[in-house]
Amino acid sequence: MTKKKKIVVKIGSSLLANEDNLTLRYAFMNGLMSDLAKLQKAGHDIILTSSGSVALGLNMVGKRPEDAGILDKQAAAACGQPLLMNAYRQVASEYELDVAQMLVTVEDMEDRRRFLNIKNTMMKLFENDILPIINENDSVATRDLRVGDNDRLSAKVAQMIQADLLIILTSVDGLYDRNPSDADAKFIAEVEDVTEHLESTTGISDLGSGGMLTKMLAANMAQNAGVETIIAEGIIERPISSLLGEERRYTRCLVTGETASPLKIWLSNRLQVSGTLVIPNAVADSVAAGDCGISRGDVISIQGEFTKGDVLHMYNESGVEVARGLTNFSSEEIMLLARNLDMPVEAVIGYKTKSDVIGAENILVLDDNHLLLDAPEDDQKLVVPV
């Protein structure tokens, strides 16, 4: 590559930890850091998204991956993260590569201000030729509040820095139309529409929290952010440069369609649903056409407890997701406003504002490139008489 690029590399636990004794695979780590050091010295900005802390800490808490509960994994992450970073630092120093640790949670990635703060930190590390190593803060993450897998986290990071390329290294050489162990499985070299391949991507490893399905979801998130994704086997010798040099096969997930603005991309790629709105079909059609925002009189029902500035998913009366957008009010305020349409806004919520519930400028209309989320079936709060 002659042009300077921003590259996000994602490494799974199965590549870093021996599955039998849960110890580090130093041979792979050496090959990886040697390759990344050469790429950085060639002028490229590299971010490494790395799993491994839980796997490396399980021995210390006396658990195996298949037996560990959420508290065991949190404790294992607290034990394993220092081991992982110490190993990265020691190996990186052999190649004159400086590294920095960044631990994030789902709340960090979903909150706009924190999201931008993380981006600014990465940019400063780039300026000083330091390799950021990012992982989810598994010691505090819970089953309900977590990124869920480092595949999607890597896609969020790629979106954040407007990367040129996302490389996901795994234990297989790419995507197949069925389980690779099947003798009739066919390798898929190029993907345009991720949804066509979701049914063939079941199964996860004992050490990982995701399988090929999460990699496809990550690729879709990257596609929508204008980032091409490569899914390939994590070999020991030159695991990255051999891909960039087209020396071995891999699956390439192409960017399709026009790329939205950074704000709209952030709105579209959600790791967690803060809340939902149901709006009339006619209003949904107008929103989809870009003609309007959402007023308090448009709200049929809401789900979830959320605050001002959270991203809401908007559904029509048929349960089809049509858009996502930043709310100007909390769930409690929307409930009050929708139930008291005959009262001025200021009289209902106690302060003056002319804002819609969601302004048209803060709405992203979903299209065929986005994976839609099903409308929630439970805990639906009706806010207007029906």
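Heads up: the structure comes first, above all this text.
In what follows, the accompanying structure is described.

Rules used in this analysis
- Residues numbered from 1 in each chain as written.
- Predicted model: local features only at pLDDT ≥ 70, side-chain atom pairs only at ≥ 80, totals over all residues.
- Heavy atoms only, no water.
- Helix = DSSP H or I, 4+ residues; strand = E, 2+ residues; numbered from the N terminus.
- Rg over C-alpha atoms; globule rule 2.2 N^0.38 Å.
- Buried < 20%, exposed > 50% of the residue type's maximum accessible area, 1.4 Å probe, protein only.
- Contact = heavy atoms within 4.5 Å.
- Areas by Shrake-Rupley, 256 points an atom, 1.4 Å probe, with all protein chains shown as cover.
- Lys, Arg positive; Asp, Glu negative; His and termini not counted.
- Charge placed at Lys NZ, Arg CZ, Asp CG, Glu CD.
- Arc of directions from axis to C-beta.
- Axes fitted to C-alpha atoms, helices over the stretch in contact; angles between N-to-C directions.
- Parallel < 35°, antiparallel > 145°, perpendicular 65-115°, else oblique.
- Nonpolar A, V, L, I, M, F, W, Y, C, P; charged D, E, K, R; others polar.
- Left-handed = near helix turned anticlockwise from the far one by under 90°.
- Patch = residues over 30% accessible without salt bridge, like charges linked within 9 Å, V, L, I, M, F, W, Y side chains within 5 Å.
- Salt bridge = Lys/Arg side-chain N within 4 Å of Asp/Glu carboxyl O.
- Phe/Tyr/Trp six-rings, centres within 6.5 Å; stacked < 30°, edge-to-face > 60°.

## Quick look at the overall build of the protein chain
- Assigned secondary structure in the protein chain consists of 13 helices and 16 strands.
- For 386 residues, the compact-globule formula gives about 21 Å, and the C-alpha radius of gyration of the protein chain, at 22 Å, lands near that figure.
- Across its three principal directions, the C-alpha atoms of the protein chain cover 70 × 45 × 40 Å.
- Within the protein chain, buried positions represent 52% of all 386 residues.
- In the protein chain, once contacts between residues fewer than 6 apart in sequence are set aside, the share between residues at least 24 apart is 73%.
- Here the protein chain displays about 17,600 Å² of accessible surface, and carbon together with sulfur accounts for 46% of that area.
- A distance of 6 Å separates the average location of the 37 positive side-chain charges in the protein chain from that of its 57 negative side-chain charges.

## What to know about helix α11 (residues 281-288)
- Listed as buried for α11 are Val283, Ala284 and Val287. What you see down the axis of α11 is that its buried residues fit within an arc of 100 degrees, all on one side. Away from its buried face, by an angle of more than 90 degrees, α11 presents the exposed residues Ala282 and Asp285.
- Looking at the packing, one finds that the buried side of α11 touches β14 (321-326) and β15 (363-365).

## Regarding unusual backbone geometry
- Positioned with a positive phi, Leu22 is a non-glycine residue whose angle comes to about 55 degrees.
- Mapped onto the secondary structure, Leu22 falls in the loop between α1 (13-16) and α2 (26-41).
- The phi torsion at Gln162 lies on the positive side, around 55 degrees, for a residue other than glycine.
- Relative to the elements of secondary structure, Gln162 occurs in the loop between α7 (150-160) and β5 (165-170).
- For Gln162, a relative accessible area of 47% translates into the label partly exposed.

## Regarding the packing of helix α6 (residues 112-127) against α7
- One can describe the packing of α6 onto α7 by two numbers: an axis separation of 10 Å at closest approach and a directional angle of 75 degrees. The orientation of α6 relative to α7 falls into the category roughly perpendicular. Residues Phe115, Ile118, Lys119 and Met122 of α6 touch α7, and the partners they reach there are Lys156, Val157, Gln159 and Met160.
- Within the contact of α6 with α7, the residues separate by chemical class into 5 nonpolar, 1 polar and 2 charged.

## Description of the packing of α2 against helix α4 (residues 70-93)
- Between α2 and α4, whose axes approach to 9 Å, the crossing angle comes to 55 degrees. The angle between α2 and α4 places the two elements in the oblique class. As for how α2 packs across α4, the hand of that crossing is right-handed. Contacts from Tyr26, Met29, Asn30, Leu32 and Met33 of α2 reach α4 at Leu84, Ala87, Tyr88, Val91 and Ala92.
- Class assignment for the residues of the contact of α2 with α4 results in 9 nonpolar, 1 polar and no charged.

## So, a negative patch on the surface
- A cluster of acidic residues, Glu190, Glu192, Asp193 and Glu196, forms a negative patch at the surface.
- Mapped onto the elements of the fold, Glu196 is located in the loop between β8 (190-191) and α8 (212-224).
- The exposed category is assigned to Glu196, whose relative accessible area is 61%.

## Quick word on the environment of Thr121
- As for its position among the elements, Thr121 is in helix α6.
- Residue Thr121 is classed as partly exposed on the basis of its relative accessible area of 38%.
- The sequence separation of Thr121 and Met102 amounts to 19 residues, and the corresponding C-alpha distance is 9.3 Å.

## Here we look at the packing of aromatic side chains
- In the structure shown here, the tally under the stated rule is 2 aromatic pairs.
- Centre to centre, the rings of Phe115 and Trp266 are 6.3 Å apart; their planes meet at 55 degrees, and the pair counts as tilted. With Phe115 in helix α6 and Trp266 in helix α10 (residues 262-268), the pair connects residues that are 151 residues apart, well separated along the chain.
- A relative accessible area of 3% places Phe115 in the buried class.
- Geometrically, the ring pair formed by Tyr176 and Phe187 is edge-to-face, given 5.3 Å between the ring centres and 80 degrees between the ring planes. One end of the pair, Tyr176, is in strand β6 (residues 175-176); the other, Phe187, is in strand β7 (residues 187-188), with 11 residues separating them in the sequence.
- By relative accessible area, which is 12% here, Tyr176 ends up buried.

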